[in-house]
Amino acid sequence: MNVSGVEKNFNQFCRGFCQANEPVRQYYNGLQILGKNHTDGISKRIDLSYPTSNFFGRKFSLIPNFFGISMSADGKHLNSSNLIVLYFRAERYPDWTTKTVKQWELRVRDHFAKEYSNDLIIVDVMSQTVVESEIVRAGLSLQPFLIVGFVIMSIFCTVTTMFSAVYLYSQKATFNKVALSIIACVTPFMACGTAMGILFFCGVTFSPIMCITPFLVLAISVDDSFLMLHAWNRLESWRTAPLDRPMREHMMGEVLVETGPAISISAFTNMLAFTIGALTSPPEIRIFCYGNAAAIFMDMFYQATFYTACMTLLADTKDTNGVSEKTKRIQDKMSNVVGRFLKWYVSAISNVFVSTGIVLIWAIFIGFAVLGLIRLRVELRPSKFFLKDSPMLYMDNMRTNEIVPYYTPVHVIVNHPGDLKNDSNVERLIELKEKLEHMPNAIGAPSTKFFLDDFVQYRSAFVEEIEMDVEEKDSAPTKSEIEQFLEWPEFSFWRGFLRFDNETHPQNVTKFMFTTGFHGQDLKDWNKRGLLLKSWRGAVEEFQKDFNATVFTEDAFFLDMIDSIPTVTWQTTLATFVFVSLVCFLFISDILTVIIVSVATLVTSVGVFGYLSLLGVTLDPVIMSIAIMCIGFSVDIPAHVAFHFYAAKAKKHASSHSQPSPHQVSDVTSHSTSTTSSTDSSISTPNSFETNLTFALASVGFPVIQAGVSTDFCALPLGFMELYMAKMFALSLTLCVSLSLIHGLIVIPALLSVQHHIVHGVKRLFSKGN
């Protein structure tokens, strides 16, 4: 490591923590000496007992370093050890940066992974930096799957867009349709590139979970493109005037008028969901939420500008010249089939018995979802974030099974220790130490590193010399007791545990740290460790006024999530649900329709979590981020269907948005067998429930199916990865979109039907009463 321009090795820059591994060194020295000279005199001076050994009068604990042990027949000495832990820590120098420290840790890892070789031992390196690098490697492994997802989506978009244009709207298959389909898949990557570039430029750090963002934005963006293409094709089928520049401008305006509100609802609700998530989530999830919100905003911007411009230039006419008679017959037949199916489906869903039956089945679905939600529990395992070939899996397993149950340290930082010459104050500090040593699961004194134990013994042993030194002091400044204490070789390692008011000439200790250990097989469970952390804090809290003591453990950040994740998750979900409902109300002013969409959104999210829980999935930061994602995703399809149903109900809105002017559009009544005729008839008689529903399903039915299936295809590659994060996003995204499709195309129409029958029944009842 570079220290003030000079390259130094660990032994040269470690300062106060150089002797952290001294127990291993002294144990080794003891073995060597006893192996060569096992006399009674030596045996009395060297005692390699477990857990505390003695080497020429100097005691040291083996507990923090030796694990996987077996004891000798007398139960006092080690017979073997499967795992020895070495700690490399150093006091930070002023010119060090976080980046240089991390680089040093990674070089240590690379040295033992690539250069070091030994037939007797295996050396693995573990630190927060090494763990982070493995998580980043896992995230970056998703990048090749982006290409696979893009190819799958491009093929699916091209095939389905061509199919709908040719067989539903009797158009020709052209290259322009292929180009628009591929551009629809390129646009989200443009949005992600722009958004991520801006965020990184503003100082936001990269998080591996952000590799999921392109998949999410791709699914949302393609949905919007499907709506726009479908609206253009439907308007084009009505057109009779030449497709000149004014006509293109008018038709593109009509497309934006019809699809703009639905696209805006989708974009704003998703952005709102992730923004709220960013305000309430842990740091890594916060970065993920910011990235998603920014990418979705840029996607909406590019959708309204870039993709709209491409459609204006490349959108095809309904020219059928060159289409064979056979193709025309297939087109007519397909149009008839779709028209008849739509009419039958709307008629069936409008039946009060059918719609009521669907609602009852939906209620049963909700019941099982709530049951699963109640059973959902928190489980934090770092192994969830690593690839299958990651050495961290082995390290995490060793740590969980061989280290944590036998030695789980707690670091207590005493911020205001007071006067260490005051005996009553020192006794109070010792009381704090003993409080922890006598807690359940505590190992006790053999595992404790408390500098006052040595300092008190030192003062007792040299009290006369110290007093004589004070009496005989001359004009020259003398060293303080603490400084003299730390100059002894066997006590010098305590420097790393102490902080002074003046480092050049230490007089008073302003802060110090001590550690003690805990054990127990139940500590393998993160929830049990979380309870242990609470008990530590409770014990230290009693001494808060005296010493301002605080507890630190490396796992605290994750252990605190055990309590915070459930609370933050439901609070974030509830807040997002409320604001998403308000956004829907801005575009759909019919309160009952908004309630139906909001309930469908909430039930979809509850269903995703409930059934994931029934499948054995536990709550963790990844699932928490999925919760935020699901709120945004689950509103898309229901909102599209509900908005178009509402648009059909509003006479003025329907006539101004959906029916082109007479000199631009043909009278569609002649196309009585086509899907578009059903749509137009819906517009002309918007007060009929069946025609309103027909308009909504004819307008967005095929596009939302395209969007839902394409999203499932987009998530499919992630499911084949041997990575928990990828599998959970694939499973959750597929489940969320599938449930949204079911709600948008089946449940919401059924709820609207039940609402329609109830309202009309009440009206008839009141009319009879009057």
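Parameters at a glance
- Residues numbered from 1 in each chain as written.
- Predicted model: local features only at pLDDT ≥ 70, side-chain atom pairs only at ≥ 80, totals over all residues.
- Heavy atoms only, no water.
- Helix = DSSP H or I, 4+ residues; strand = E, 2+ residues; numbered from the N terminus.
- Rg over C-alpha atoms; globule rule 2.2 N^0.38 Å.
- Buried < 20%, exposed > 50% of the residue type's maximum accessible area, 1.4 Å probe, protein only.
- Contact = heavy atoms within 4.5 Å.
- Areas by Shrake-Rupley, 256 points an atom, 1.4 Å probe, with all protein chains shown as cover.
- Lys, Arg positive; Asp, Glu negative; His and termini not counted.
- Charge placed at Lys NZ, Arg CZ, Asp CG, Glu CD.
- Axes fitted to C-alpha atoms, helices over the stretch in contact; angles between N-to-C directions.
- Parallel < 35°, antiparallel > 145°, perpendicular 65-115°, else oblique.
- Pairing = 2+ DSSP bridges.
- Salt bridge = Lys/Arg side-chain N within 4 Å of Asp/Glu carboxyl O.
- Disulfide = S-S within 2.5 Å.
- Core = buried A, V, L, I, M, F, W, Y, C linked by side-chain atoms within 4.5 Å.
- Patch = residues over 30% accessible without salt bridge, like charges linked within 9 Å, V, L, I, M, F, W, Y side chains within 5 Å.
- Bend = angle between axes of the 7 residues up to and from the residue.
- Expected span 1.5 Å × (residues − 1).
- Phe/Tyr/Trp six-rings, centres within 6.5 Å; stacked < 30°, edge-to-face > 60°.
- Lys NZ or Arg CZ within 6 Å of the ring centre and 35° of its normal.
- pLDDT = per-residue confidence, 0-100.

Thoughts on the overall build of the protein
Of the regular secondary structure elements, the protein holds 26 helices and 11 strands. What you see for the protein is a C-alpha radius of gyration of 35 Å, clearly larger than the 27 Å of a compact globule of 770 residues, by over 25%. The C-alpha extent of the protein, read off along each of the three principal axes, is 115 × 65 × 60 Å. Within the protein, buried positions represent 50% of all 770 residues. Restricting to contacts in the protein with at least 6 residues of sequence separation, those with at least 24 account for 77%. Accessible area for the protein stands at about 36,200 Å²; split by element, carbon and sulfur atoms hold 62% of it. Averaging the locations of the 61 positively and 69 negatively charged side chains of the protein gives two centres separated by 10 Å.

Concerning the packing of helix α8 (residues 213-238) against helix α22 (residues 621-649)
A pair of packed helices is captured by two measures, namely the crossing angle of their axes and the spacing between those axes. Taken N-terminus to C-terminus, the directions of α8 and α22 make an angle of 10 degrees; their axes are 12 Å apart at the nearest point. Of the possible angle classes, the one that applies to α8 and α22 is roughly parallel. Across the interface between the two elements, L216, A219, I220, D223 and L227 from α8 touch M629, F633, D636 and H640 from α22.

So, the pairing of strand β5 (residues 58-61)
Bridging between strand β4 (residues 52-55) and β5 involves 4 bridges; their strand directions are antiparallel. Residue S53 lies in a different strand from β5, and its bridge partner there is F60. With antiparallel pairing between neighbouring strands as the criterion, β4 and β5 make up a hairpin whose turn holds 2 residues, including F56 at a positive phi of roughly 55 degrees.

Regarding the pattern of salt bridges
Using the criterion set out here, one finds 19 salt bridges in the structure. Residue D620 pairs with K384 through a salt bridge whose shortest N-O separation is 2.7 Å. Placement of D620 in the loop between α21 (591-614) and α22 and of K384 in the loop between α12 (352-375) and α13 (391-403) is noted, with a sequence separation of 236 residues between them. One salt bridge connects E431 with R428, and the closest N-O pair in it is separated by 3.2 Å. One end of the pair is E431 and the other is R428, both in helix α14 (residues 423-437) and 3 residues apart, which spans about a single turn.

A closer look at the sheet that holds strand β3 (residues 46-47)
Spatial strand order, β3-β4-β5: 3 strands in an open sheet with antiparallel pairing. Every other strand in the sheet has two partners, leaving β3 and β5 as the edge strands with one partner each.

Quick look at the state of the cysteines
Taken as a whole, this structure holds 1 disulfide when the rule is applied. Here C14 engages in a disulfide with C18; their sulfurs sit 1.6 Å apart. In this structure the cystine formed by C14 and C18 twists about its S-S bond by roughly 100 degrees; its chirality is therefore right-handed. C185 forms no disulfide, and the closest cysteine sulfur to it belongs to C157, at a distance of 3.7 Å.

So, the nonpolar core
Note that soluble globular proteins tend to have their nonpolar side chains buried in a common cluster. Counting 177 residues, the largest nonpolar core has F451, F512 and F729 as the members making the most contacts within it. A per-element tally of this core places α22 first, with 18 residues. Among all residues touching F451, those that are not within four sequence positions of it are L420, I482, F485, W494, L498 and F512. Counting 11 residues, the second largest nonpolar core, distinct from the first, contains V24, Y27, I42 and F55.

Side note on a nonpolar patch on the surface
Side chains of F585, I591, L592, I595, V599 and V759 sit close together on the surface and give an oily, nonpolar patch of about 450 Å² of accessible area. If you tally residues by element for the nonpolar patch, the top one is α21, at 4 residues. Its place among the elements puts L592 in helix α21. A relative accessible area of 37% means that L592 is categorised as partly exposed.

A short note on the side chain of N65
Locating N65 in the fold gives a position in the loop between β5 and β6 (66-71). Note on N65: relative accessible area 1%, which makes it buried. Those residues in contact with N65 that sit more than four places away from it in its chain are A20, N21, P23, V24, L83, I84, V85 and Y87.

Quick notes on the sheet that holds strand β11 (residues 549-552)
The 4 strands lie next to each other as β9-β10-β8-β11, forming an open sheet whose pairing is antiparallel. The outermost strands of the open sheet, each flanked by one partner alone, are β9 (498-500) and β11. Strand-to-strand twist in this sheet, taken as the mean axis angle between neighbours without regard to direction, amounts to 20 degrees. Relative to β11, strand β8 (residues 408-414) runs antiparallel, the two sharing 4 bridges. By the bridge assignment, I413 is partnered in β11 with T550.

Describing the pairing of β8
Of all 7 residues in β8, 5 are buried; the element is thus mostly enclosed. Bridging between β8 and strand β10 (residues 509-518) involves 7 bridges; their strand directions are antiparallel. Each residue of the ladder has a partner; that of V414, found in β10, is F512.

Here we look at helix α25 (residues 689-719)
V700 marks where α25 bends most, by close to 45 degrees; the proline P703 follows one to four residues later. Within α25, 24 of the 31 residues are buried, which leaves the element mostly enclosed by the surrounding structure.

Some details on the environment of L373
One can find L373 in helix α12. In this structure, the C-alpha to C-alpha distance between L373 and V622, residues 249 residues apart in sequence, is 16 Å. Once residues lying within four places of it in the same chain are set aside, the contact partners of L373 are V606, F609 and G610.

Brief notes about helix α5 (residues 128-140)
In this model α5 runs 18 Å from its N-terminal to its C-terminal C-alpha over 13 residues, within 8% of the 18 Å that 1.5 Å per residue would give. Those residues of α5 that fall on the buried side of the exposure criterion are T129, V130, V131, E134, A138 and G139.

Considerations on the packing of aromatic side chains
The full count for this structure, using the stated rule, is 36 aromatic pairs. Both rings, one in F451 and one in F512, keep their centres 5.2 Å apart while their planes meet at 70 degrees; by these two values the pair is edge-to-face. Taken together, the positions of F451 in helix α15 (residues 451-461) and F512 in strand β10 put the pair 61 residues apart, joining distant regions of the chain. Just as F451 is buried, F512 falls in that class too. The ring of W526 carries R529 above its face, with NZ or CZ at 4.3 Å from the centroid.

Re the confidence of the model for the protein
Averaged over all residues, the pLDDT of the protein equals 82, while 91% of them reach at least 70. Confidence, expressed as mean pLDDT per element, reaches its minimum in the protein at helix α24 (residues 675-684) with 37 and its maximum at β8 with 94. Within the model, pLDDT remains below 50 along residues 651-687, and this stretch shows 70 contacts once partners closer than five positions in the same chain are excluded.

Describing the side chain of S264
With respect to the secondary-structure elements, S264 resides in helix α9 (residues 245-280). Ignoring sequence-local partners within four residues, the contact set of S264 consists of T269 and F587.

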